[in-house]
Number of protein chains: 2
Amino acid sequence: MCGGVGSRFWPYSREERPKQFIDFLGTGRSLLQMSYDRILPIVPKENIVVVTNARYESLIREQLPDIQPHNILLEPARRNTAPCIAWAAYHIRALDPEASMIVTPSDHLITGETVFADCVNRGFDFVERNDALLTLGITPTRPDTGYGYIQIGRETAPEISTVKTFTEKPNLELAKVFLASGEFFWNAGIFLWRASAIIEALHKYDPDLTDLFDKGIESFGTPAEKGFITANFASCNGNSIDYAVMEKAKNVYVECANFAWNDLGTWSALYDNSTKDGDANVVRDARVIAYDATGNMIAVPSGKLVVVNGIRDYIIADTGDVLLVCPKSEEQSIKQMVSDVRMKYGEELL
Amino acid sequence: MCGGVGSRFWPYSREERPKQFIDFLGTGRSLLQMSYDRILPIVPKENIVVVTNARYESLIREQLPDIQPHNILLEPARRNTAPCIAWAAYHIRALDPEASMIVTPSDHLITGETVFADCVNRGFDFVERNDALLTLGITPTRPDTGYGYIQIGRETAPEISTVKTFTEKPNLELAKVFLASGEFFWNAGIFLWRASAIIEALHKYDPDLTDLFDKGIESFGTPAEKGFITANFASCNGNSIDYAVMEKAKNVYVECANFAWNDLGTWSALYDNSTKDGDANVVRDARVIAYDATGNMIAVPSGKLVVVNGIRDYIIADTGDVLLVCPKSEEQSIKQMVSDVRMKYGEELL
């Protein structure tokens, strides 16, 4: 899944070039390319399907030249994850009715690729033998209040359990209780299932969506698919797969995973996952002289000199045409700021 | 006088293009051009002499195309105001032994040009009739601790008095007393005198300097002047005219002036003299959205969007290659920062 706009990372993440297409960690590979590299040892490249917004077609082709054009599904509109996943599932099932699939965002940070591969292979094994919708739960390492949590129930296979509850963004007190209990795992938004299983669940819990896709059932996997999607995809209701299916279905399981994971959802997350300099500032690509300035996340055009004095725990993000100076503690309001920019100055700087 | 580097306004004021050459107030004219415009009604343009550092010759020619090249005195080295003024005085006296002159910095803000012209003309009248070194004293409007003050003595002509004391940068308590007394005026660094009078005073109080210039006495006003200066100017000791002469000479007078004046010595001074937006931010040339952000001096490349959150009374100065974020209260350390930049990264960004 590669169609998001990453507005919480504005002004670095822009509608024309969202977060997943940026070399956010300074590794020389974009987050999308790092996701591709991670999946390639598990899924043959001819079976890797990228679902994205139509406007990013050329970015995908440029960054993932090994992906065949017919494996790039171009959404004509943004409708959140449920329609995106439904389309991918109909597409894959048409090519192979028995296919199982992993659904993964393209803009997360995951390290420990062998642990990741072992985990995914174990998950495939489970969903191929069971009528199961499997979500990966990451063993939490801190009482993070920005993530969703999954409470596990009964273990039904090694590392795989039933789900008791899904909880969105708890407060700190609750997050601490979750962490101490050992029963709660971070919801990574990475799913494994047979294509037929998720379509069956969508029939049950989001029939409007499957009614729409079923109208084009003959087209999937054929040259007619593109025309059907162009004509119909925008009619889907925007909905997340968590809300549409995962929080409702009875055959949901969680696989407890130990790879290091971060959704890089915010500047603070990027700060936390980056190497700090001697002043505890994180500096992407710049030269910095800091006076009484610590804990800042500084991202500016390559080679720029930044002199900061008397500023702590701020985001300083400069893209040449936009400069954002904002406390890390206020980063949840960046979405609002982006909306204000749209109101005041139009689309150009989004 | 147009040869300074204006390092307190770094990164906007750069060695390659110091403050006086910049359209600092967004009027469409640089501070130098505004100074020229102000003098032009008083001094015929063929009598306006610009003294600057040799490296700024092309900037002067570009910004003041009406100044004849022989009226641009190019210093081969920076030696503060005493050698600069001495050269100009020797040059002017050679062309007209009876000439009187006004010496003025090119990077100050002055409004009320008619009041200014009246004041200067009254001053010329005084120095032409008296053996006097006249300095302009600005009626203070606030207890500024960044300026030098002149205490006036006995009034010897309308608005013109003898000088009791010169006082550099008083503390706030003292500055308040000065303001209340009505006896203290800001030292604007603008001087009027006959060329022969200042040379005579230099002979008395800075004989090393006049010894040096006297060696080339035959060259001034001739094609040989340039060669003499090239060979000798760098041997002058750097010294300010205030220290060399004004604080020592007995024939110093002050003319009390009422035009609005600011030396634009600091970002705060620019802030104080600029129009504020609804959040009390001063914004040069940019588009700004401010959240809980007031009292800031924001200068960024033309048209750039700045989004600031939770930041008060800061300087945010972005020149494309350099970004400075610094509390206004820390601006006296900008010179030190520039020095640190030189140490760490060399001359390129100065």
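Residues numbered from 1 in each chain as written. Chains lettered and ligands numbered in written order. Predicted model: local features only at pLDDT ≥ 70, side-chain atom pairs only at ≥ 80, totals over all residues. Heavy atoms only, no water.

**Q** Mind showing me how you'd approach the side chain of B:Thr104 here?
**A** Mapped onto the elements of the fold, B:Thr104 is located in the loop between β3 (100-103) and β4 (109-111). Taking the relative accessible area as the measure of exposure, B:Thr104 reaches 16% and is therefore buried. (Helix = DSSP H or I, 4+ residues; strand = E, 2+ residues; numbered from the N terminus. Buried < 20%, exposed > 50% of the residue type's maximum accessible area, 1.4 Å probe, protein only.)

**Q** Would you explain the relation of the copies chain B and chain A in this entry?
**A** Note that the two copies of the chain are related through a rotation about an axis and a translation along the same axis. Between chain B and chain A, which share one sequence, the superposing operator has a rotation angle of 179° and an axial displacement of 0.0 Å; the RMSD is 0.1 Å. This pairing of chains is accounted for by a two-fold axis. Measuring from the rotation axis to each C-alpha of chain B, the shortest distance belongs to B:Gly320, at 3.4 Å. Interface overlap between copies is the fraction of interface residues in one copy that are interface residues in the other; for chain B against chain A it reaches 100%, indicating a shared surface. (Least-squares fit on C-alpha atoms with pLDDT ≥ 70 in both. Contact = heavy atoms within 4.5 Å.)

**Q** What exactly am I supposed to notice about the sheet that holds strand β15 (residues 314-318) of chain A here?
**A** The strands making up a sheet are joined through hydrogen bonds of the backbone, oriented either antiparallel or parallel. Spatially, β11(A)-β13(A)-β15(A)-β16(A)-β14(B)-β12(B) is the arrangement adopted by the 6 strands of the open sheet, whose pairing is mixed. Two strands bound the open sheet, and with one partner strand each, they are β11 (282-284) of chain A together with β12 (287-291) of chain B. Each strand of the sheet is rotated relative to its neighbour by a mean of 5°, with strand direction disregarded. Against the sheet, helix α11 (residues 334-345) of chain A engages β15 and β16 (322-327) of chain A together with β12 and β14 (305-309) of chain B, with an angle of about 140° to β12(B). (Pairing = 2+ DSSP bridges. Axes fitted to C-alpha atoms, helices over the stretch in contact; angles between N-to-C directions.)

**Q** Can you help me understand the pairing of β3(B) in this one?
**A** Consecutive side chains of a regular strand alternate in pointing toward one face of the sheet and then the other. Residues and elements named next belong to chain B. Neither face of β3 is open: one carries Ser100 and Ile102, the other Met101 and Val103, and all of them are buried. Relative to strand β8 (residues 184-194), β3 runs antiparallel, the two sharing 4 bridges. Looking at β8, one finds that methionine 101 is bridged to tryptophan 193.

**Q** What is the right way to look at the confidence of the model for chain A in this model?
**A** In low-pLDDT regions, the fine details of the predicted coordinates are not to be read closely. Looking at chain A, pLDDT values average 94 and 100% of them are 70 or higher. The ipTM, which scores confidence in the relative placement of chains, is 0.82 for this predicted complex, and the corresponding pTM is 0.83. (pLDDT = per-residue confidence, 0-100.)

**Q** Whenever I open this one, the packing of helix α3 (residues 81-95) of chain A against helix α6 (residues 195-205) of chain A confuses me. Can you help?
**A** Think of two packed helices as two axes; the pair is described by the angle between the axes and how far apart they sit. All names here are of chain A. Relative orientation of the contacting elements α3 and α6 amounts to 130°, with a least axis distance of 9 Å. In terms of axis orientation, α3 runs oblique to α6. Here α3 runs over α6; the crossing is left-handed. Across the interface between the two elements, Ile85, Ala86, Ala89, Tyr90, Ile92 and Arg93 from α3 touch Ala195, Ser196, Ile198, Ile199, Leu202 and His203 from α6. Classifying every residue of the contact of α3 with α6 gives 9 nonpolar, 2 polar and 1 charged. (Parallel < 35°, antiparallel > 145°, perpendicular 65-115°, else oblique. Left-handed = near helix turned anticlockwise from the far one by under 90°. Nonpolar A, V, L, I, M, F, W, Y, C, P; charged D, E, K, R; others polar.)

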